[in-house]
Amino acid sequence: MKSSQIKVSEIGEKGLIERIIEKSKSCSSCGFGNDIDFSNFATSIGDDSALTNVNMDDNSYLVTSTDMLIQSSHFPKGMTYFQMGYKSVVVNVSDLASMGAENIGFLLNIAIPKDMLLDDFDDLICGVIRACDNYNNPLIGGDTNEANEIIISGTAIGQVDKDKALMKYGFEKGDLVCISDELGYAAIGFELLSLKEKDPNLYQEKTDEIKEIDSTIIDLALLKALKPEAKYDEGHILREHNTANNRISATDITDGLASEFYEILNSDKKYIKLNDSISSNSYSKGIRIYEEKLPVEDEFKEIADILGLNYLDLFLHVGEDFEFLFTINKELDDQLSREMHYYAIGEITDNNTVEILLSNGQIQKISSRGYQHLK
């Protein structure tokens, strides 16, 4: 029987585990050519547990992050199995990167329908391995099970020095509010994918209009939506500049920039309350950003109009960009800008609100609206 006709139920769980072991070798060393150092691991995939040599001391944290992705919620129509596997690694690596951690290993727990084709399963696993290679984060174990749809729960493990860990709190009035790159293209990509499924004719009409503005935008938007990347190197650069005198706070943007604004403020409020015994009523920090400082091209605004969307909504409230939101003091701006690409879009205030100064001079409060599960 050809591999393309075989279903995963025909080889069973143990057969799938063996296949994952085989793919971890063939996809990595033969398919993609990246070398990962496995010398820290005393066992291989297939043992009951993964044994890892980690030189932990009192000055280091073991950093762990886990994310569960469900096919019907997180994988849009048009996403390949390879891209599903790839994203399951990226979402976890992004969390570690935003704290400045070095990757150690990745655990993969996956539930799949029993009638899933073996070739599709292979593609998914190769996506996982490719992402693990790209971020030097070896697949060291996991589990398989059966479900009505694909469910992937990944766990990334890393390490960071205690005095270098990037947290969501610690900023002061006057600190710059920054993002690592442009936002909103993933949102356009998701909108296009949804439109293509609902109304193919309207999708063709809209994409033809968009191509007249910029023929590259559609490919970029779909790439951002279907195959996101983590800002791993940027996390390390920020980590190296994070000191007691130049405290940097950071988080990755997954649920929308506006939502992350409120996340870092709430985190900072809790930290200060815990350490300084202040009342939450006396906390006054806020964020002001400026429309004129947002990295938004005119073409982006035109495309938003074509799709019947507000460009600021795309920029602030959709998410899935996996860029960084971070704060730095102004003295660090000149040096850091020579080492990494980013945009300073605002500053920390003491007015206890999150707001945007629009280009027309009006100040508008930004709501915390963003993507939330179970809502």
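Thresholds, definitions, all that
- Residues numbered from 1 in each chain as written.
- Predicted model: local features only at pLDDT ≥ 70, side-chain atom pairs only at ≥ 80, totals over all residues.
- Heavy atoms only, no water.
- Pairing = 2+ DSSP bridges.
- Helix = DSSP H or I, 4+ residues; strand = E, 2+ residues; numbered from the N terminus.
- Axes fitted to C-alpha atoms, helices over the stretch in contact; angles between N-to-C directions.
- Buried < 20%, exposed > 50% of the residue type's maximum accessible area, 1.4 Å probe, protein only.
- Core = buried A, V, L, I, M, F, W, Y, C linked by side-chain atoms within 4.5 Å.
- Contact = heavy atoms within 4.5 Å.
- Phe/Tyr/Trp six-rings, centres within 6.5 Å; stacked < 30°, edge-to-face > 60°.
- Lys NZ or Arg CZ within 6 Å of the ring centre and 35° of its normal.

Caption draft 1: Spotlight on the sheet that holds strand β10 (residues 354-357). If you trace the seven strands from one edge of the open sheet to the other, you get β6-β8-β5-β9-β7-β10-β11, paired in mixed fashion. Pairing within the sheet leaves two strands with one partner each, and these edge strands are β6 (249-252) and β11 (363-365). Strand after strand, the sheet turns through a mean of 25° between neighbouring axes, direction not considered. Pairing geometry for strand β7 (residues 286-290) and β10, over four bridges, is parallel. Each bridged residue has a counterpart across the sheet, and for Y290 the counterpart in β10 is L357.

Caption draft 2: Main features of the pairing of strand β4 (residues 151-161). Within β4, nine of the 11 residues are buried, leaving the element largely enclosed by the surrounding structure. Where strand β1 (residues 60-70) lies against β4, 11 bridges are found, and the strand directions are antiparallel. When the bridges of β4 are listed, Y61 appears paired with V160. Taken together, the nine bridges between strand β2 (residues 102-112) and β4 define a ladder with antiparallel strand orientation. Each residue of the ladder has a partner; that of E102, found in β4, is Q159.

Caption draft 3: The arrangement of the nonpolar core in detail. Counting residues in hydrophobic clusters, the biggest one holds 102 residues, and the most contacted among them are F121, L257, F261, I287, I289, F326 and I328. Element by element, the count of residues in this core is highest for helix α4 (residues 118-134), at nine residues. Among residues more than four places away in sequence, those in contact with L257 are I179, L183, F315, L316, L325 and I345.

Caption draft 4: Local environment of the sheet that holds β4. Spatially, four strands are ordered β1-β4-β2-β3 in an open sheet, and the strand pairing comes out mixed. Sheet topology places β1 and β3 (139-146) at the edges, where each strand pairs with a single neighbour. Pairwise comparison of adjacent strand axes, ignoring direction, gives a mean angle of 15° for this sheet. Running over the sheet, α4 touches β2, β3 and β4 and is turned about 165° from β2.

Caption draft 5: Highlighting the packing of aromatic side chains. Considering all chains together, one arrives at five aromatic pairs under this definition. Geometrically, the ring pair formed by Y135 and Y232 is edge-to-face, given 6.3 Å between the ring centres and 80° between the ring planes. A residue pair is termed long-range when its members are at least 10 positions apart, and Y135 in the loop between α4 and β3 and Y232 in helix α8 (residues 232-241) qualify at 97 residues. On the basis of relative accessible area, Y232 is assigned to the buried category, the value being 10%. Ring geometry for F326 versus Y342: centroids 5.5 Å apart, planes at 70°, classification edge-to-face. Here Y342 lies in the loop between α12 (330-337) and β9 (343-349) and F326 lies in strand β8 (residues 324-328), a separation of 16 residues in the sequence. The aromatic ring of Y86 is capped on one face by K227, whose charged end is 4.1 Å from the ring centroid. Cation over ring: K293 sits above Y290, and NZ or CZ is 4.9 Å from the ring centre.

No statement about biological role is implied by the geometric values presented.
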